[in-house]
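Single-letter residue listing:
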Amino acid sequence: MVNTKKVALTGNEAVAQAMKQINPDVVAAYPITPQTEIVQFFSSFVANGQVDTEFVTVESEHSAMSATVGAAAGGARAMTATSANGLALMWEVLYIAASNRLPIVMPVVNRALSAPINIHCDHADSMGARDSGWIQLYSENAQEAYDNVIQAIRIAEHPDVLLPVMVTMDGFIISHALENLEIIDDDAVKEFVGEYKPDMHLLDPDNPITMGPLDLYDFYFEHKRQQAEAMKNAKKVILEVGKEYGKLTGREYGLFEKYKLDDAEEAIIVLNSAAGTAKEAVDALREKGKKAGLLKLRVFRPFPYQEIADALKHVKVVGVMDRSEGFSDFGGPVFSQVRSALYDLKQDIKVVNYIYGLGGRDIAEEDFAKIFGNLEKIKTTGKIDNLVSYYGVRE
Amino acid sequence: MAKTLEIRWHGRGGQGAKTAALLLAQSASQVGKYVQGFPEYGPERMGAPVTAFNRISDGKIRVHSSIKEPDVVVILDPTLIGATTDVTAGVGPDGVFIVNTNRSPQEIRKQLGIDKGKVYTVDANKISEETIGRVIPNTPMMGALIKVTGIIPYEAFIEDTKKQLEKKFSSKPEVIKGNLKAIERAYQEVKGE
Amino acid sequence: MTSGGPFNRNFGQGDKGKAAAAITSDKEWKDLPRAGIIPFAGNAESYETGDWRSKRPVWIKEKCVHCLMCWRFCPDSAIVPDNGKFKEFDYHHCKGCGICVNVCPTKAIEFIGEDDAVADEEAQEKEKI
C-alpha cells in the first residue's frame, strides 16, 4: 500500500488537492459558489508553480467547457469544475464533450438551479445533465470526492470508454466543511493516473483529423450507438479501476455501497452526504431490532440496474431519496430509474419516493428515522398512501 | 458510540468565526480526533452575523446535518447578544457559553437571559490588541475554548496552531508570536461560573 | 407569527409589513406567493443591515456645517437629511463603514465602538429611570 497522510480538509480543498496531484495540462474555469474555492485554490497552485497546468480564465461556464473541449480535442488532459447554473450554462457543450468522446474530468459541486436564486445543496444540476453522455460519480464526503476525482481520470481515459466524467459532492455540506481524510502522496497519484496518451487528436500534424463534423442521418445514429457502447463498457472499467485503487489505498470503490442491506426488509436508496446521516439512523434502528438497510449509489451514469435489482431483491419496501425534482409528476430521477430496475424481478417490492433537501433544506438523523418508520408501516399494511412525497417541505 | 461535542460559533463577517472553527477542527484532527468544521451556509459579508460549527469526536462522524443543539456556544462579538441572531437557540440546560467581552460572567448571564448552564468570559479584544496589535478575537477565543472544554490537550493544540500559523504567516514571525501569546493569555484569563 | 428563520429575515412593519405578513418562515407551500415572487415594493428597507455594525458614526452637532457630504457619500442612504440639513443617522441601516467619518470636512462625525455606544445608551436609559 501507498504512503498516505491523514489530513483535515474541506471538500473543495480535497478536490483541489486531487487536481494538483493529477497536474492536468489545461484547466479552463469560471467561478460559481460553491465551486469557486476549487478553482481559487487551484489557481494559487498554478501561480506558485506547483503544477504545470495552463490555466485559462474564461468569461463564462459556456466558454469554460468550450475551452476544455478544445484543449482535450488538442490532446491535452483537461479539467474544469462548476455548479448549478454554471453547469446549466455549459449544457450544449456537455453533449459535445461526450459525443466527441473526450475524457474530461469535472468536479460538480451540487447546488440548486435558479429561480429563485438558491446557492445551497440540491442535485438538480447533475441530475439535469444525466442524459448528456457524461459518466456520473457521486461522493458522500471529502474522502470520496478526492478518491473519485483521481479514479475518474483513469475511467475517462480508458480506451474502451473515452467519455467525460463528472464527480459530484454536496455544495456547502461537503464542499465547505472540513473533515478528516487520507490523501495519498504525489508520486502515487502520478503513477496511478499515468500519462495521457490520446490515440488521435487535433494537434498531430502527421496524423491530421477532423473532429465533430457535420453528421447527417446516414451516420449520426451509428455514432450514437458507439457512444452507448462506451457507456456500457464504463461499468466494467469503473469496477476495475475501483479495485486497483483499493489495492493502492485500502479503499476499494464499486458501483454503490451496501450498508446493512443483505438482510434488510426496509431499505433506502440515497446519494451523497445524506447517506452518512442515514447510516447513523440505520444503526440506531438496528439496535432496536429493526431490519433497516441502505444502498448508497455512487455510479448514477451508467445506471447499474442489474446490480441494484440484485442488491434489493430480498427487500420488502424501498424508499428512494431524491435530492432533486424532475417535475415529471412521477417522482425524481433516482426513483424512476430504481423502480424500473426492479420491474423485471417481478416481485412485490413496494417502492416509494421521498423528495428531500431541495435548496439546502436540512435533513437529520431523526428525519431518516421517520422515513424508515413510514417504510415499516408500508411493509405491515401493504398500503402505499403516497407514491411520491416531499419530505421536509412545509405543508 | 463515541460522544460528539457540538460547538457553535457566533461572530461577524471578518472576525474569524469560520477560520476559528476550521482551525480548531484542524488542530483536533492532528491529535487524532474525528472532526467537522463548517460555516453556516449563507453568503458571508464583512460585519454581517456569521455562524460556524464544529463536531469533535473520538469516533468517526458520519452525519452531515446542521447542528441544532450545540453543547458549547462561543460568541466572538458580544453585540450579537440580543441582536436578531438568537445566540441561545437550541442550547440545553447543560450548555456552556464562552463570550468575548470585558463584562463579567454574571452580567453576560443576565444579558443572555439564562439561569442554567455555565457562562465564561474573556476579553479577547483587549488580549488580541495587546498581543497581536489589532482586534482579532478568534485565536484567543480558541484558547479559552480549549481551557473550558478540555476537548484537546493544550500543549498539542499550541503545537499544531504554531505549525499552521507558520504556514500562513511565514514572513511575519511577530504575528505568529502574537497569536500564540494571545491564546496563552486567554487560556489563563478565561473565567466563569 | 413572524419568524426570522435561519437568516433572520425581517420583512418589516406597517405598510412595508405587507411583505412581512405574506412571506414568513412558517408558511406552507400553498400559502406563499408563487415562484418566490415578492409582490410588494420597497421592502429592502425592512432588512435591518444596522445589525452588521461593529462601529457607529455619531453626529457632533456643534461642528456640523450641513454640507451633506456625508449624505452624498453614504452607500446605504443611511443619513437622513431634513430641509437641506443633516437630521440624523438611520441606525437601522447604517453598516458602520466609516465613509462619512472619512469625508466630513469639519470632523463633525465621531466613530465609536458599537459595544461602547450600546453601553452608553443603556446607561442613559438607566439615568432616565
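Please read these numbers as outputs of a predicted model, since none were measured by experiment.

(A) Focus on the interface of chain C and chain A. Between chain C and chain A, the residue contacts involve 10 residues of the former and 5 residues of the latter. For the pairing of chain C and chain A, the buried interface totals around 480 Å² over both sides, and the portion due to carbon and sulfur atoms is 52%. Between the two partners, chain C and chain A, sit 4 residue pairs in polar contact (both at pLDDT 80 or more). A per-class count over the side of chain C that touches chain A returns 4 nonpolar, 3 polar and 3 charged.

(B) Looking closely at the sheet that holds strand β15 (residues 388-391) of chain A. Residue and element names in this part refer to chain A. Judged by pairing direction, the sheet is mixed, and its 6 strands sit side by side in the order β9-β11-β10-β13-β14-β15 without closing on themselves. Both edges of this open sheet fall to β9 (256-259) and β15, since each of them pairs with a single strand only. The sheet shows a mean angle of 20° between the axes of neighbouring strands, taken without regard to direction.

(C) Just the packing of aromatic side chains, in detail. By the definition in use, this model includes 13 aromatic pairs over all chains. The interplanar angle of 85° and the centroid separation of 6.3 Å between the aromatic rings of A:Phe42 and A:Phe45 together place this pair among those described as edge-to-face. With A:Phe42 and A:Phe45 both in helix α2 (residues 36-47), this residue pair falls 3 residues apart, about one helical turn. For the ring pair C:Phe89 and C:Tyr91, a centre distance of 5.8 Å and an interplane angle of 35° mean the geometry is tilted. With a relative accessible area of 28%, C:Tyr91 lands in the partly exposed category.

(D) Structural view of the nonpolar core. Residues A:Ile135, A:Tyr146, A:Val165, A:Leu312 and A:Val318 are the most contacted members of the largest nonpolar core, which totals 82 residues. A total of 9 residues in this core trace back to one element, the largest contributor, which is helix α7 (residues 142-157) of chain A. For A:Ile135, the residues in contact, after removing those within four places along its chain, are A:Ile155, A:Val161, A:Leu163, A:Pro164, A:Val165, A:Met166, A:Met231, A:Ala234, A:Ile238, A:Arg301 and A:Pro302. With 44 residues, the next largest nonpolar core counts A:Ala8, B:Met141, B:Ile152 and B:Ala182 among its residues.

(E) Highlighting the side chain of A:Ser273. Its place among the elements puts A:Ser273 in the loop between β10 (266-270) and α10 (274-287). Contacts of A:Ser273, omitting those with residues within four sequence positions, involve A:Ser139, A:Glu140, A:Asp170, A:Ile173, A:Ile174, A:Arg323 and B:His64.

(F) A look at the environment of C:His66. Residues and elements named next belong to chain C. Here His66 shows up in the loop between β1 (55-59) and α2 (69-73). Once residues lying within four places of it in the same chain are set aside, the contact partners of His66 are Trp59, Gly84, Lys85 and Phe86. Within the structure, His66 has its side chain in polar contact with the backbone nitrogen of Phe86 (distance 2.9 Å).

Cut-offs applied
Within each chain, residue numbers correspond to sequence positions counted from 1 in written order. Whichever chain is written first is A, and whichever ligand is written first is 1; the rest continue in order. Confidence filtering applies because this is a predicted model: local features only for residues at pLDDT of at least 70, side-chain atom pairs given and counted only at 80 or more, and all residues used for totals across whole chains, interfaces and linings. In computing side-chain properties, one takes all heavy atoms of the structure into account and sets aside hydrogens as well as water. Should any heavy atoms of two residues lie within 4.5 Å, those residues are considered in contact. When two parts are brought into contact, each loses some accessible area as probed by a 1.4 Å sphere; the total of that loss over both is the buried area. Each polar contact in these results corresponds to two N or O atoms within 3.5 Å; when the atoms are within protein, one needs to be able to donate a hydrogen and the other to accept it, and residues that are neighboring in sequence are counted only if both atoms are side-chain atoms. When residue character is reported, Ala, Val, Leu, Ile, Met, Phe, Trp, Tyr, Cys and Pro are called nonpolar, Asp, Glu, Lys and Arg charged, and the others, Gly included, polar. By this definition, two strands are paired if DSSP reports at least two bridges between them. Secondary structure elements are defined from DSSP: runs of H or I of at least 4 residues count as helices, runs of E of at least 2 residues count as strands, and each element is numbered from the N terminus. Orientation is described by lines fitted to C-alpha atoms, with helices fitted over the stretch in contact, and by angles between N-to-C directions that extend from 0 to 180 degrees. Two rings from Phe, Tyr or Trp (for Trp, the six-membered ring) form a pair when their centres sit within 6.5 Å of each other. Planes less than 30 degrees apart are called stacked, planes more than 60 degrees apart edge-to-face, and all others tilted. The buried label applies to any residue whose accessible area, calculated with a 1.4 Å probe on protein chains only, is under 20% of its type's maximum; exposed applies above 50%, and partly exposed to all values in between. What is meant by a nonpolar core is a set of buried Ala, Val, Leu, Ile, Met, Phe, Trp, Tyr and Cys residues, joined one to another through side-chain atoms within 4.5 Å.

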